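Given next are the chains, with one letter for each unit.
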Amino acid sequence: MELNQWVDELFEVFDVDKDGVISRSEFVELIDVLLQDKGIRMCETIFHRFDKNHDNSISKSELKEMVIELAL
């Protein structure tokens, strides 16, 4: 599967309220799925690292950067 398609699908699944961004609670669920055994302890640090504009949400481009860095 192509990276952009994978990110689009992840975004669609985890943007539960369909507001176009990944909220903090949606992000916790996403990280739980992506990191599994590494645990949720890392969520706050990771969220702040990839929330580049500090708006307390993760945009699709921020999610893409996170996936590239953490999952590939």
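Everything here concerns the structure above.
Everything quoted here is computed from the prediction, not taken from an experiment.

**Some thoughts on the nonpolar core**
Then, number 1: Membership of the largest hydrophobic core comes to 17 residues, with the highest contact counts inside it found for Phe27, Ile31, Ile46, Ile58, Leu63 and Met66.
Then, number 2: Elements with a contribution of two residues or more to this core: helix 1 (3–14), helix 2 (24–35), helix 3 (43–50) and helix 4 (60–70).
Then, number 3: The residues contacting Ile58, other than those within four sequence positions of it, are Phe11, Val21, Ile22, Phe27, Phe47, Phe50, Asp51 and Leu63.

**Observations regarding the packing of aromatic side chains**
Centre-to-centre distance and the angle between the planes together describe a pair of aromatic rings.
Then, number 1: All told, the structure shown has one aromatic pair when counted by the stated rule.
Then, number 2: Sitting above the plane of the Phe47 ring, Arg24 keeps its charged end 4.6 Å from the centroid.
Then, number 3: We note Lys60 situated over the ring of Phe11; from NZ or CZ to the ring centre the distance is 5.4 Å.

So, how was this worked out
Residues numbered from 1 in each chain as written. Predicted model: local features only at pLDDT ≥ 70, side-chain atom pairs only at ≥ 80, totals over all residues. Heavy atoms only, no water. Core = buried A, V, L, I, M, F, W, Y, C linked by side-chain atoms within 4.5 Å. Buried < 20%, exposed > 50% of the residue type's maximum accessible area, 1.4 Å probe, protein only. Helix = DSSP H or I, 4+ residues; strand = E, 2+ residues; numbered from the N terminus. Contact = heavy atoms within 4.5 Å. Phe/Tyr/Trp six-rings, centres within 6.5 Å; stacked < 30°, edge-to-face > 60°. Lys NZ or Arg CZ within 6 Å of the ring centre and 35° of its normal.

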